[in-house]
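# Structural features, examined
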Amino acid sequence: MDRRALLAASGGALATAAVAAAPQANATAPEQASTRGHGWGVTRFNVISDIQGDLADFGRALDDMAAVNPRSAGLAVAGDITPRGYDFEYAQVATELRRHTHPRDVAWAIGNHEFYVPKWRDPDTLAQDTWPNGTTEDSLFRSFYRFAKRGSVQAETSFGGVPVLTLGTERYSHFHDPKLWDEVWISDAQFTWLEDRLRYWSRRRKPVMVVTHHPLPNTVSGTRNKLYSSDYLQADRLLGILGRHPDVFLFSGHTHWDLDLSDWVVRRVVPGTANLSGFTVVNTGAIQTGFRDDGKGGEVSVGGSFNQGLQVEVHRDKVVIKARDFARRAWLKEITVPLARA
């Protein structure tokens, strides 16, 4: 049973407004400005997701990011760090990271692939019929915490003065309901933490970067497809919190859908939040394997060499988001989002 077979296939969504983006295939490397200060200099950082054991492409991505954005203030990884969540797989990612130039600050979000050890009797023997094969839910979280060097799924860090919040599931749902698999469950404590941090930064007129693995329904590429319509058990509650803040930027992975699609960035308007301009949602692409809609309610592999991610530039009055093809070392497109509180 692969990643996509584990997803639920029902659910609804609220209205989404797509954001137009001009192709920038021949864009030159951006001018490097100060990335460490807390003033009004430009802060640049990178976002990737879905490494899933593709360490060669991970290394290529790191090299390309270092060449194009050598003074990056940070790297956010939006989940699926490993193919299955074994400790030795986390160690392989850490080793590959050390082999390449990378920012000092790395923000890791947990993904569904971090919970796939229970499908295996041992690393070489797939045994889904005897799930969980002696693996406990707690051990999977402990492995992630050791790797990420923290004691909770949610975390806050700063990329050159820009607040970055990581979110994630606090349960692997199949341990709690045999009808569920990868669906995200968030505790009251994590919701309260998110509300508090967004309120705190809103009062200080700061844009906030939120990084999570699973996409919210009816937002970026793939999320109107039945495969990704019900990834969250509490989607409306999460949308209601994020939707109050026009200067929130949500980065999600999981779908692996191509950043060359027109809805790679959208503004999501949530009714009842009194924020009629919505908040920005961004697809992170993927390091390992790309997908597109197959026209029949499913998806199909893009094929060829696929290795994509983002560069984000935070200015005093705007945020510029650039989609990057690490395999071809080329810009795909970019978009500028004005800040409401500039």
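Above: the structure in question.
Now for a quick tour of the structure.

About the criteria used
- Residues numbered from 1 in each chain as written.
- Predicted model: local features only at pLDDT ≥ 70, side-chain atom pairs only at ≥ 80, totals over all residues.
- Heavy atoms only, no water.
- Helix = DSSP H or I, 4+ residues; strand = E, 2+ residues; numbered from the N terminus.
- Buried < 20%, exposed > 50% of the residue type's maximum accessible area, 1.4 Å probe, protein only.
- Areas by Shrake-Rupley, 256 points an atom, 1.4 Å probe, with all protein chains shown as cover.
- Axes fitted to C-alpha atoms, helices over the stretch in contact; angles between N-to-C directions.
- Parallel < 35°, antiparallel > 145°, perpendicular 65-115°, else oblique.
- Left-handed = near helix turned anticlockwise from the far one by under 90°.
- Contact = heavy atoms within 4.5 Å.
- Nonpolar A, V, L, I, M, F, W, Y, C, P; charged D, E, K, R; others polar.
- Expected span 1.5 Å × (residues − 1).
- Arc of directions from axis to C-beta.
- Phe/Tyr/Trp six-rings, centres within 6.5 Å; stacked < 30°, edge-to-face > 60°.
- Polar contact = N/O pair within 3.5 Å; in protein donor to acceptor, adjacent residues only side chain to side chain.
- Pairing = 2+ DSSP bridges.
- Salt bridge = Lys/Arg side-chain N within 4 Å of Asp/Glu carboxyl O.
- Core = buried A, V, L, I, M, F, W, Y, C linked by side-chain atoms within 4.5 Å.

### Side note on the overall build of the chain
- Each helix and strand in the chain was counted, giving 5 helices and 18 strands.
- Counting across all 342 residues of the chain, residues that qualify as buried make up 59%.
- Within the structure as shown, the chain displays about 13500 Å² of accessible surface, and the carbon and sulfur contribution to it stands at 51%.

### Quick notes on the packing of helix 1 (residues 55-68) against helix 2 (residues 87-98)
- It is at 10 Å that the axes of helix 1 and helix 2 come closest, and there the two elements cross at 30 degrees. In terms of their interaxial angle, helix 1 and helix 2 are classed as roughly parallel. The chirality of how helix 1 crosses helix 2 is right-handed. Contacts between helix 1 and helix 2 involve L55, F58, G59 and L62 from the former and Q92, V93, E96 and L97 from the latter.
- Here the contact of helix 1 with helix 2 is built from residues that sort into 5 nonpolar, 2 polar and 1 charged.

### Here's the deal with helix 5 (residues 235-242)
- When you tally the buried positions in helix 5, you get 6 out of 8 residues, the bulk of the element.
- Here helix 5 has its buried residues at A235, L238, L239, G240, I241 and L242.
- Tucked inside the fold, the buried residues of helix 5 contact helix 4 (188-203), strand 10 (208-212), strand 11 (248-252), strand 12 (265-268) and strand 13 (279-283).

### Description of helix 4
- Counted at 1.5 Å a residue, the expected span for helix 4 with its 16 residues is 22 Å, and the 23 Å between its end C-alpha atoms agrees.
- Along helix 4, the residues that are buried comprise Q190, F191, W193, L194, L198, W201 and S202. For helix 4, the angular spread of buried residues about the axis comes to 160 degrees, placing them on one side. In helix 4, the exposed residues that point more than 90 degrees away from the buried face are D188, A189 and R203.
- Buried residues along helix 4 sit in contact with strand 8 (155-159), strand 9 (162-166), strand 10, helix 5 and strand 11.
- Count one or two residues on from helix 4 and you reach R205, which has phi positive near 60 degrees.

### What to know about the side chain of H315
- Mapped onto the secondary structure, H315 falls in the loop between strand 16 (308-314) and strand 17 (318-325).
- Ignoring anything within four residues of it in the chain, the contact list for H315 reads V42, V320 and L339.

### Side note on the packing of aromatic side chains
- Taken as a whole and judged by the stated rule, the model has 12 aromatic pairs.
- Residues F115 and Y172 carry aromatic rings whose centres are separated by 5.1 Å and whose planes lie at 15 degrees to one another, so their mutual orientation is stacked. Highlighted residues: F115 in the loop between strand 5 (106-109) and strand 6 (120-122) and Y172 in the loop between strand 9 and helix 4, separated in sequence by 57 residues.
- With relative accessibility at 1%, the residue F115 sits in the buried group.

### Examining the side chain of E313
- With respect to the helices, strands and loops of the structure, E313 is situated in strand 16.
- In this structure the side chain of E313 is engaged in a polar contact, spanning 3.3 Å, whose partner is the side chain of R44.

### Things to note about the pairing of strand 8
- Sheet analysis places strand 8 next to strand 9, joined by 5 bridges and oriented antiparallel. Residue pairing across strands places F159 opposite V162, the latter belonging to strand 9.
- Taking the residues that link successive antiparallel strands as the turn, the strand 8-strand 9 hairpin has 2 residues, and the phi of G160 there is positive, at about 60 degrees.

### Re the pattern of salt bridges
- Per the counting criterion, the structure on display carries 20 salt bridges.
- With a closest N to O distance of 2.7 Å, R324 and D64 form a salt bridge. Of this pair, R324 sits in strand 17 while D64 sits in helix 1, placing them 260 residues apart in sequence.
- Residue class for R324 comes out buried when judged on its relative accessible area of 7%.
- As a salt-bridge pair, D325 and R328 come within 3.0 Å of each other at their nearest N and O atoms.

### Regarding the nonpolar core
- Residues I48, F58, I81 and W108 are the most contacted members of the largest nonpolar core, which totals 30 residues.
- Non-local contacts of I81, meaning those with residues more than four positions away in its chain, are made with I51, Q52, G53, Y90, V93, W108, A109, E114, F144 and F147.
- Residues A73, A107, M209 and F251 belong to the second largest nonpolar core, which totals 28 residues.

### Observations regarding the environment of S72
- Assignment of secondary structure puts S72 in the loop between helix 1 and strand 4 (75-78).
- Assessed through its relative accessible area of 5%, S72 is described here as buried.
- Spatially, the C-alpha atoms of S72 and F45 are 4.8 Å apart, while their sequence positions differ by 27 residues.
- In terms of polar contacts, S72 uses its side chain to reach the backbone carbonyl oxygen of G74, at 2.9 Å.

### Some remarks on the packing of helix 4 against helix 5
- Where helix 4 contacts helix 5, the two axes come as close as 10 Å, and the packing angle between them is 15 degrees. On the basis of the axis angle, helix 4 is roughly parallel to helix 5. Two packed elements cross with a definite hand, and for helix 4 against helix 5 that hand is right-handed. Between helix 4 and helix 5, the contacting residues are D188, F191, L194, E195 and L198 on the first element and R237, L238, I241 and L242 on the second.

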